[in-house]
Every structure is written in C-alpha cells, then in structure tokens.
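Reading the structure
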Amino acid sequence: MEKKVVILAIESSCDDTSAAVIVDGVLKSNVIASQKVHEEFGGVVPELASRAHQQNILPVVDTALARAGVRKEDLSAIAFTRGPGLLGSLLVGTSFAKGLALALGIPLIDVNHLQGHVMAHFIRPASPDGVQSTEYRCPSFPFLCLLVSGGNSQIIKVTGERLPVTGKHMPEFEIIGQTIDDAAGEAFDKCAKVLGLPYPGGPWIDKLAKLGDATKYPLAKPNIAGYDYSFSGLKTSFLYTLRDMLKAEGAETIDALAERVPNLREDLCASLQATVVDILMRKLRKAAKDLGINQVAVAGGVSANSALRQAFIDYGKKYGWEVFIPPFSFTTDNAAMICQAGYFKYLDGDFCAIDEVPYAKTQI
Ligand code: KG4
C-alpha cells in the first residue's frame, strides 16, 4: 500500500498560534489559539505575542495531530510560515518546526504567509465522513486574487496549470497592484480606534455598519494610476470629518458627540466600509477587464467583511465573474492555508534547508 502524504503546518506570523494537518490533500484539522492579551493595548504587542506563542504552540500542535488522528511518526514533512510577520512570533513557529523535523528526520517546508492566504482557495476540507467535501471548488488559472489584510492590499495574478496535474503544483504569483501606503485592514483598524472601538476594529466596523447609512458621510476616494491602492487619504478624510463635527457640535470627545448626533458611529462605520469596498472593487474590476480574466478570488482577514463579500457576489453577477470567497475560518490567519501550500510544495519536492531563517518583510 502506498504511504500517505501527511503534512503538519505551523502558523505563528502575528497573534494567532495555529497548527493544521492535511492527509493526502484533504484537511483533517485546523486548530487556532487567538491571543486575547493584546486587546487592552489596542494593537498587537510583539513581545507579548512571542510569549503567548511559546505557551500555545505545544498544546495547539498536539490538538491538531489528535483531531487529525495521526501520530507524529506518521508525518511526511513539516511546513511553517517563514514570513512576512513579526520576527519574534515567526521565530517561535520556525524553531518549533525545525526541532520537530530534526527529531523525526523529515523535511521542512517554508511557506510565504501571503501565498498561504491565496492557497486558502485550494483547501479541500474533509466532509463529516472524513473523506472530501463535495463543496470543494477551486479557481482555475489564471485568476486574480484580491489579498486584503491588516498589512496588505494587493491584486495578485495567479497562474499555473489546472489542478490536479502531474506537473508543478504550486502556482506562480505576480503582484499587479498594491497599496502605496496603508492597507485596507489598517484603515479599518485605525478609524475604529478613533471611534473608541476595540482592537481589531475591522469586525466592529462591519457589525456597526449594518445599522448605519452608508451615504451619510461622503469620504475621499483616491485617484491613483494603474491598479495600485491608497488608503491614507481616506483615513485623513475620516479624521477631518470627525474633527469638523466635534467643532460644530462643541463636543470634546467622541462619546459626547455621539450623544448629540444620533447613530453617529453606525453611520460613520457604514460610510467608511462602503468607501473602502468601492475603492477595492473598482480597481479589481479594472484589472479583470484589462487582463480579460473572469476568475476572481478574495483572501486575507478583510475578506471576512460582509459588504466586501456581498460586493464580490454583485460584481460576479454584473460582470460575469466566477467568484471565490473563502469560508470565514480561512479568512484570518490559520495554519490550514499554510498546510495547503506546504502540501503542494511537498509534491513539488520544494524543501527548505534547516539553517534558513524567518523574514519579517517580503513580497508574495
Ligand atoms: O489576514 P489577517 O488575519 O492578518 C494579517 O494582517 O495578516 O487580517 C487582519 C485584518 C485586521 O485589520 C482586521 O481588522 C481585519 O482583518 N478584519 C476585518 C474583518 N475581520 C477581520 N475587516 C473588516 N471586516 C471584517 N469583518
């Protein structure tokens, strides 16, 4: 009987410690430990993140193996997120992966976190009977992927062969547009902070926007050439709108202003969200039209946003796109997407030397 390909992946690039197992191409487990410790600081504190990864990594890996029903001796290789991310966080996952791979005498596979987000579209989740989900559907090549997270806003052209193939499994990635300043998630988080909402602010903006009027506060949209994005002007426009309202109402704080202006936070969140989604979708539409590509995907933490997900469905209907929107569990950081990339790299024989080091910054 042919030996199964069993990949364990570890993701520790920011503030989520995650481990996942794929057996013969089917996802068997995906365990995520989120770090609550950062909430009171209004953002991720790198030192605390590294420490929490140290505390979480062993139980998270153990649980991922147990849920998948595999022993560590069954593993074929270990994949890990090498970057980009917080260096101290990455070092925890990288060192753990190296130690385990050395102890077991199996190969190591380094995965670019951004490529991992795109590869989320190729994850084949197990169905309840443990085999393969019937809902499995992945984009065909070439496709465009809008990658939107706390640190990135990019339009990526993904090329390769139609899977399954006998040739190379990992596709090629080409950035055709990206933000020249802030990322979309950063814009959400920073504006949310100004409104006094908890960190991360993106999900709160999404929640409050459902109760607001998106046309109430017109905000600035950038005028950038090509397929690049910019969100810093929008952020400033948001700040100025609030500053002017505080002045006009003679209020000293946002809370005081909210008492005088009905539905203030809800309307501001709805206006901000609609503007971000419009900026993202217009450029994506331009890229899809110019390149004649109608397979369009979205990935990264901001792809959890309900208005963005709805915009994908609407654009798909309007412009004849086949759209790919990941399940919520694969939008924010998770090891399943790293495992998927690791599985393809394993099939391609693309391994990493034991003395490779993590990187804080890199392109896709
Ligand atoms: O991909 P991710 O988990 O982490 C990296 O940046 O790598 O993305 C996190 C970002 C944060 O900015 C967070 O506010 C945003 O994703 N986010 C959302 C939503 N859920 C998460 N933004 C808008 N709406 C959401 N529902």
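Now for a description of the structure that goes with this document. (Residues numbered from 1 in each chain as written. Predicted model: local features only at pLDDT ≥ 70, side-chain atom pairs only at ≥ 80, totals over all residues. Heavy atoms only, no water.)

**Some remarks on the site of the ligand**
The line we're drawing: What makes a residue near a molecule or strand is one non-hydrogen atom of that residue sitting within 4 Å of it. Side-chain atoms alone can form a polar contact between residues adjacent in sequence; in general such a contact is a pair of N or O atoms within 3.5 Å, and within protein one must be able to donate a hydrogen while the other accepts it. Here the accessible surface of atoms and residues is derived via Shrake-Rupley with a 1.4 Å probe, and residues count as covered only by protein chains that are part of the display. By definition, any uninterrupted DSSP run of H or I lasting at least four residues is a helix, any uninterrupted run of E lasting at least two residues is a strand, and each is numbered from the N terminus. Residue polarity follows a fixed list, in which Ala, Val, Leu, Ile, Met, Phe, Trp, Tyr, Cys and Pro are nonpolar, Asp, Glu, Lys and Arg are charged, and the others, Gly among them, are polar. For the purposes of this description, domain bounds are those given by an automatic or database domain assignment.
With respect to spatial proximity, 19 residues lie near the ligand, and among them G150, D189, D206, G301 and N305 are the closest. In this structure, an oxygen atom belonging to the ligand sits 2.6 Å away from a side-chain N or O atom of D189. G301 is positioned with one of its backbone polar atoms (N or O) 2.9 Å from an oxygen atom of the ligand. Relative to its unbound accessible area of 550 Å², the ligand is 86% covered by the protein chains. At the level of secondary structure, the elements contributing two or more residues to the shell around the ligand comprise α3 (113–119), α4 (184–194) and α5 (202–209). A class-by-class count of the residues in the shell around the ligand yields five nonpolar, eleven polar and three charged. Domain assignment of the residues forming the shell around the ligand places at least three in each of domain 1 (1–125 + 328–364) and domain 2 (184–326).

**Thoughts on the nonpolar core**
Note the cut-off: We call a set of buried Ala, Val, Leu, Ile, Met, Phe, Trp, Tyr and Cys residues a nonpolar core when their side-chain atoms join them within 4.5 Å. The classification of residues rests on relative accessible area computed with a 1.4 Å probe and restricted to protein chains. Under 20% of the type maximum is buried, over 50% is exposed, and intermediate values are partly exposed. Only heavy atoms matter for contacts: two residues are in contact if any of them lie within 4.5 Å across the pair.
One finds L146, L284 and L308 to be the most contacted residues of the largest nonpolar core, which totals 53 residues. Contributions of two or more residues to this core are made by β6 (143–148), α4, α5, α6 (232–249), α7 (254–260), α8 (264–291), β9 (295–299) and α9 (306–319). The element contributing the most residues to this core is α8, with 13 residues. In this structure, L146 is in contact with Q154, I155, Y229, L280, L284, A297, V298, A299, L308 and F312, ignoring residues within four places of it in sequence. A20, A77, A335 and F344 belong to the second largest nonpolar core, which has 38 residues in total.

**A closer look at the sheet that holds strand β8 (residues 172–178)**
The strands that make up a sheet pair up through hydrogen bonds in the backbone, lying either parallel or antiparallel. Condition: Strand pairing follows a simple DSSP-based rule, namely that at least 2 bridges must link the two strands. Think of each axis as a best-fit line through the C-alpha atoms, taken over the contacting stretch in the case of a helix, with angles from 0 to 180 degrees between the N-to-C directions.
Overall, mixed pairing links the five strands, which are arranged β8-β7-β6-β9-β10 in an open sheet. The outermost strands of the open sheet, each flanked by one partner alone, are β8 and β10 (322–324). Adjacent strand axes in the sheet meet at a mean angle of 25° when their direction is disregarded. Summarising the sheet, β9 and β10 pair through three bridges and their orientation is parallel. Counterpart to V296 in the pairing with β10 is V323.

**Focus on the pairing of β6**
Taking burial as the measure, the six residues of β6 include six buried ones, the bulk of the element. Of the two faces of β6, the one holding F143, C145 and L147 and the one holding L144, L146 and V148 are both buried throughout. For β6 and strand β7 (residues 153–159), the ladder comprises six bridges, and the chain directions are antiparallel. By the bridge assignment, L147 is partnered in β7 with Q154. Relative to β9, β6 is paired through four bridges, and the arrangement is parallel. From the neighbouring strand, L147 faces β9, where its bridge partner is A299.

**Let's talk about α5**
Because an α-helix completes one turn every 3.6 residues, residues spaced three or four positions apart along the sequence face the same direction. Those residues of α5 lying buried are G202, I205, D206, L208 and A209. Considering only its buried residues, α5 is in contact with α4, α8 and α9.

**Quick notes on the side chain of S230**
Considering the arrangement of structural elements, one finds S230 in the loop between α5 and α6. Residue classification places S230 among the buried residues on the basis of a relative accessible area of 7%. For S230, the side chain forms a polar contact with the side chain of D181, separated by 2.7 Å. Every residue in contact with S230, bar those within four places of it in the chain, is listed here: T179, I180, D181, P222 and I224.

**Some words on the pattern of salt bridges**
In plain terms, the rule: One speaks of a salt bridge when a side-chain nitrogen belonging to Lys or Arg is within 4 Å of a carboxyl oxygen belonging to Asp or Glu.
Using the criterion set out here, one finds 17 salt bridges in the structure. Measuring nitrogen to oxygen at the nearest pair gives 2.8 Å for the salt bridge that ties D110 to R82. Taken together, the residues D110 in strand β5 (residues 108–112) and R82 in strand β4 (residues 77–83) connect sequence positions 28 residues apart. Here D110 matches R82 in class, with each residue buried. The partner of K345 in a salt bridge is D350, and the shortest N-O contact between them spans 3.9 Å. A single network of salt bridges, built from pairs that share partners, joins R82, D110, K345, D350 and E356.

**What about the packing of aromatic side chains?**
Keep this limit in mind: Each Phe, Tyr or Trp ring (for Trp, its six-membered ring) is paired with any other whose centre lies within 6.5 Å, and the angle between the two planes then decides the class: stacked below 30 degrees, edge-to-face above 60, tilted in between.
Applying the stated criterion across every chain yields a total of eleven aromatic pairs. Residues F122 and F143 carry aromatic rings whose centres are separated by 6.1 Å and whose planes lie at 50° to one another, so their mutual orientation is tilted. Taken as a pair, F122 in the loop between α3 and β6 and F143 in strand β6 lie far apart in primary sequence, 21 residues in all. When sorted by exposure, F122 lands in the same class as F143, which is buried.

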